[in-house]
Amino acid sequence: MLAMDEGVVEDWLSEFKTLPDSAVSSYAATLKDKGALVPALYKVIRENYSDLLEPVCHQLFEFYRSGEPQLQRFSLQFLPELLWSLLSVSAARDPHTSGCIEALLLGIYNLEIVDKDGQSKVLSFTVPSLSKPSVYHEPSAIGSIALTEGALANHGLSRVVYSGPHLQRETFTAQNRFDVLTFLLLCYNAALSYMTSTSLQSLCQLSSRVCICGYPRQQIRRYKGISTRLTVTSEFLVQLITGIHYALCNGEVELGSKALDDVLYRAQLELFPEALLVGNAIKSSLHGAALKSNNKEGARSIQVEITPTSSRISRNAVTSLSIRGHRWKRHENRNVDSAAAVGGVAIPEINVTGVTGERMPNGESLRPRTDGRAHPDCDPLGAASEVSMDPRAHDSGTRGQEVRRQKSVRRMVENEGSGLASTGRSQY
């Protein structure tokens, strides 16, 4: 470590100790302007035998304990590097060099699992329903969902998953190590939008190293660090994938892609279904997408492709309402055309297909005879056929009767015509 970097770190350590409580907020706002401080702190953390490592860890813990959000996020940005230092030292079986790092991580963990009153926190997460749209999916793109009794009963209900209360930890053991580290990664992912590009790069490097050390892929990646296999859990890999997804969409395409492939490689070896499901889902969603490779300092976001919302019922769909509307429209158009033809006077529609009146007792119809002789009960003004004012006046049963009447009248007309023809020949 260079003397210049040591001087920057020492000045940073001394100025916070003499800072009054009223000036903590203004001091937190000026930390981002110290460009040489963050790289120097990374060098201190990577050198496990540095004399500045212990005071730096103590200072970072004081930042987090102060409760100032900007100071807490400043400490969180070094979390991936601190995790790798702890895991690498644990794999090398040299715990004496990681005591201050363990104390810092346990201190942050114990602060996060309680609220301001010292009571244990219970975190809640709402699982989105596939029947409702979100930024990740559209229900219409998934396909039809069977409307079973169970599906209808669960429609609109939100499933809430709870995490906690978590136990206080005083030291790291083989049983609780990854429980603590997974919870710390959860806190880090909650502040991803505030993390710098250097912190995201450190997260991707942590993910690759943890997953390939001791496996054949380590030689492919040409990583010359430790060669001991590190134990991981499925929940820990899921938290890593969450951070990698954000890094992929915010400038770290190359490192993020390698890290995602390495995590999926390890998940396949360990047969972790949760990590495989989340990792493959993210990889499929990013397939063929134009990721932002140059914008590292712009707006922080996660890129997703949203399916365009489509209408559930086509405009051309035939429904009972559309049929009724079509009938009324056709009937109105006919009346308008008739009114226009006679100068504004509506002419009633005439049924010329046959007679729709009732039959007389002697079997004759109200339809006039072809020889010009009108029935005595008919209108003398020559009501040749019945006027139909409403085309929808008869239902299906009446239509059947009308067809039979028309056939009977047609046969009657044919008989009368043949009789007149024979009469004419005889008279001739």
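Since this is a predicted model, take the numbers as computed values, not measurements. (Residues numbered from 1 in each chain as written. Predicted model: local features only at pLDDT ≥ 70, side-chain atom pairs only at ≥ 80, totals over all residues. Heavy atoms only, no water.)

## Some remarks on the overall build of the protein
Spelled out, the test is: Per the convention used, a helix needs a DSSP run of H or I reaching at least four residues, while a strand needs a run of E reaching at least two, with both numbered from the N terminus. We call a residue buried when its accessible area falls under 20% of the maximum for its residue type, exposed when it is over 50%, and partly exposed in between, using a 1.4 Å probe and counting protein chains only. Contacts were defined at the residue level, with two residues in contact if any of their heavy atoms lie within 4.5 Å. Here the Shrake-Rupley method, with its probe set to 1.4 Å, supplies the accessible areas, and only the displayed protein chains count as covering residues.
Counting its secondary structure elements, the protein contains 17 helices and two strands. Relative to its 428 residues, the protein shows a buried fraction of 33%. Sequence separation of at least 24 residues holds for 73% of the intrachain contacts in the protein that already meet a minimum separation of 6. Looking at the protein as shown, the accessible area adds up to about 26,300 Å², and 53% of this sits on carbon and sulfur atoms.

## Focus on the environment of Leu264
If you trace the backbone, Leu264 turns up in helix H14 (residues 253-270). On a C-alpha basis, the gap between Leu264 and Asn280 in space is 7.7 Å, while along the polypeptide they are 16 residues apart. For Leu264, the residues in contact, after removing those within four places along its chain, are Ala275, Leu276, Gly279, Asn280 and Lys283.

## Some points on the pattern of salt bridges
Let me state the cut-off plainly: Put simply, a salt bridge is a Lys or Arg side-chain nitrogen that is within 4 Å of an Asp or Glu carboxyl oxygen.
The full count for this structure, using the stated rule, is 10 salt bridges. Among the ionic pairs, Lys34 bridges to Glu15, the shortest N-O distance being 2.2 Å. Residue Lys34 is found in the loop between helix H2 (24-30) and helix H3 (37-46), and its partner Glu15 is found in helix H1 (residues 3-17); the two are separated by 19 residues along the sequence.

## Notes on the environment of Thr233
Structurally, Thr233 is set in the loop between helix H12 (217-221) and helix H13 (234-248). Classification of Thr233 as partly exposed rests on a relative accessible area of 25%. Separated by 39 residues in the primary sequence, Thr233 and Phe272 have C-alpha atoms spaced 8.2 Å apart. When sequence neighbours within four positions are dropped, the list of residues in contact with Thr233 reads Phe178, Thr182 and Phe272.

## Description of the packing of aromatic side chains
Worth spelling out the cut-off: Each pair of aromatic rings taken from Phe, Tyr and Trp, with Trp reduced to its six-membered ring, is defined by centres within 6.5 Å and is described as stacked if the planes are under 30 degrees apart, edge-to-face if over 60, and tilted in the remaining cases. Whether a charge lies above a ring is judged from NZ of Lys or CZ of Arg, which has to be within 6 Å of the ring centre and within 35 degrees of the ring normal.
Within this structure, the stated rule accounts for 11 aromatic pairs. Geometrically, the ring pair formed by Tyr27 and Phe63 is edge-to-face, given 6.3 Å between the ring centres and 75° between the ring planes. Of this pair, Tyr27 sits in helix H2 while Phe63 is found in helix H4 (residues 53-65), placing the two residues 36 residues apart along the sequence. For the pair shown, Tyr27 and Phe63 are each scored as buried. Ring-pair connections join several aromatic residues into one group, and the members of that group are Trp12, Phe16, Tyr27, Tyr42, Phe63, Phe74 and Phe78. Over the face of the ring belonging to Tyr194 we find Arg73, whose NZ or CZ atom lies 3.9 Å from the ring centre. For Arg217, the ring lying beneath its charged end belongs to Tyr265, and the centroid distance is 4.4 Å.

## A look at a nonpolar patch on the surface
Selection criterion: Nonpolar side chains (Val, Leu, Ile, Met, Phe, Trp, Tyr) are joined into patches within 5 Å and like charges within 9 Å, using only residues with over 30% relative accessible area and no salt bridge.
Together, Val122, Val160 and Tyr162 make up an exposed nonpolar region whose accessible area comes to about 300 Å². With respect to the helices and strands, the residue Tyr162 is situated in strand S2 (residues 159-163).

## Notes on the nonpolar core
Rules: Residue types Ala, Val, Leu, Ile, Met, Phe, Trp, Tyr and Cys, when buried and joined through side-chain atoms within 4.5 Å, form a set referred to as a nonpolar core. Note that the domain bounds were set by an automatic or database domain assignment.
Counting residues in hydrophobic clusters, the biggest one holds 84 residues, and the most contacted among them are Val9, Trp12, Phe74, Phe78, Leu105, Leu181 and Leu237. Top contributing element to this core by residue count: H13, with nine residues. Looking at which domains feed residues into this core, each of domain 1 (1-116) and domain 3 (196-292) supplies at least three. Once you skip the residues sitting within four places of it in the chain, Phe78 turns out to touch Val38, Leu41, Tyr42, Ile45 and Leu60.

## Notes on H1
Worth spelling out the cut-off: Expected span of a helix: the number of residues minus one, times 1.5 Å. Throughout, the arc means the angular range of directions from the helix axis out to the C-beta atoms.
Across its 15 residues, H1 extends 22 Å between first and last C-alpha, which sits within 8% of the 21 Å expected from 1.5 Å per residue. All of the buried residues in H1 are Asp5, Val9, Trp12, Leu13 and Phe16. Projected down its long axis, H1 carries its buried residues within an arc of 95°, all on one side. Away from the buried face of H1 by more than 90 degrees, exposed residues Ala3, Met4, Asp11 and Lys17 are located. At its buried positions, H1 is contacted by H2, H3, H4 and helix H5 (69-76).

## Regarding the side chain of Asp262
Rule in force here: Under this definition, polar contacts are N or O atom pairs within 3.5 Å; protein pairs additionally need one hydrogen-donor-capable and one acceptor-capable atom, and for neighbouring residues in sequence, both atoms have to be side-chain atoms.
Locating Asp262 in the fold gives a position in helix H14. A polar side-chain atom of Asp262 sits 2.9 Å from a polar atom in the side chain of Arg221. Each residue touching Asp262, except ones within four places of it in the same chain, is listed here: Ser208, Cys211, Ile212, Arg217 and Arg221.

## With respect to the packing of helix H10 (residues 177-190) against H13
Rule in force here: Here, axes are lines fitted to C-alpha atoms. For helices the fit covers the stretch in contact, and angles between N-to-C directions go from 0 to 180 degrees. For classification, angles of less than 35 degrees are called roughly parallel, those exceeding 145 degrees roughly antiparallel, those between 65 and 115 degrees roughly perpendicular, and all remaining angles oblique. The sense of a crossing depends on the near helix, which, turned anticlockwise from the far helix by less than a right angle, makes the crossing left-handed and, turned clockwise, makes it right-handed. The residue classification treats Ala, Val, Leu, Ile, Met, Phe, Trp, Tyr, Cys and Pro as nonpolar and Asp, Glu, Lys and Arg as charged. All others, Gly included, are polar.
Their axes nearest at 9 Å, the elements H10 and H13 cross at an angle of 20°. Relative to H13, the element H10 lies roughly parallel. The two elements H10 and H13 meet at a crossing, and its hand is left-handed. Between H10 and H13, the residues in contact are Phe178, Leu181, Thr182, Leu185, Leu186 and Asn189 and Glu235, Phe236, Gln239, Leu240, Thr242 and Gly243, respectively. Among the residues making up the contact of H10 with H13, the classes are represented as six nonpolar, five polar and one charged.

## A few points about helix H6 (residues 79-91)
With 13 residues, H6 extends 18 Å between its outermost C-alpha atoms, agreeing within 8% with the 18 Å of an ideal straight helix rising 1.5 Å per residue. Most of H6 sits out of view: 12 of its 13 residues are buried. Within the sequence span of H6, burial applies to Leu79, Pro80, Glu81, Leu82, Leu83, Trp84, Ser85, Leu86, Leu87, Ser88, Val89 and Ala91. In this structure, the buried residues of H6 make contact with H3, H5, helix H7 (99-112), H10 and helix H11 (197-212).

## Observations concerning the side chain of Glu112
Relative to the helices and strands, Glu112 resides in helix H7. Judged by its relative accessible area of 17%, Glu112 falls in the buried class. Those residues within four positions of Glu112 in sequence are excluded, and the remaining contacts are Tyr64, Lys121, Phe183 and Cys187.

## Points about the confidence of the model for the protein
Rule in force here: Every residue is assigned a pLDDT by the predictor, reflecting its confidence on a scale from 0 to 100.
The share of residues in the protein with pLDDT of 70 or more is 63%, and the mean pLDDT across the chain is 76. Within the model, pLDDT remains below 50 along residues 349-394, and this stretch shows 52 contacts once partners closer than five positions in the same chain are excluded. Note that pLDDT drops below 50 for residues 423-428; the model gives that stretch zero contacts with residues more than four away or on any other chain.

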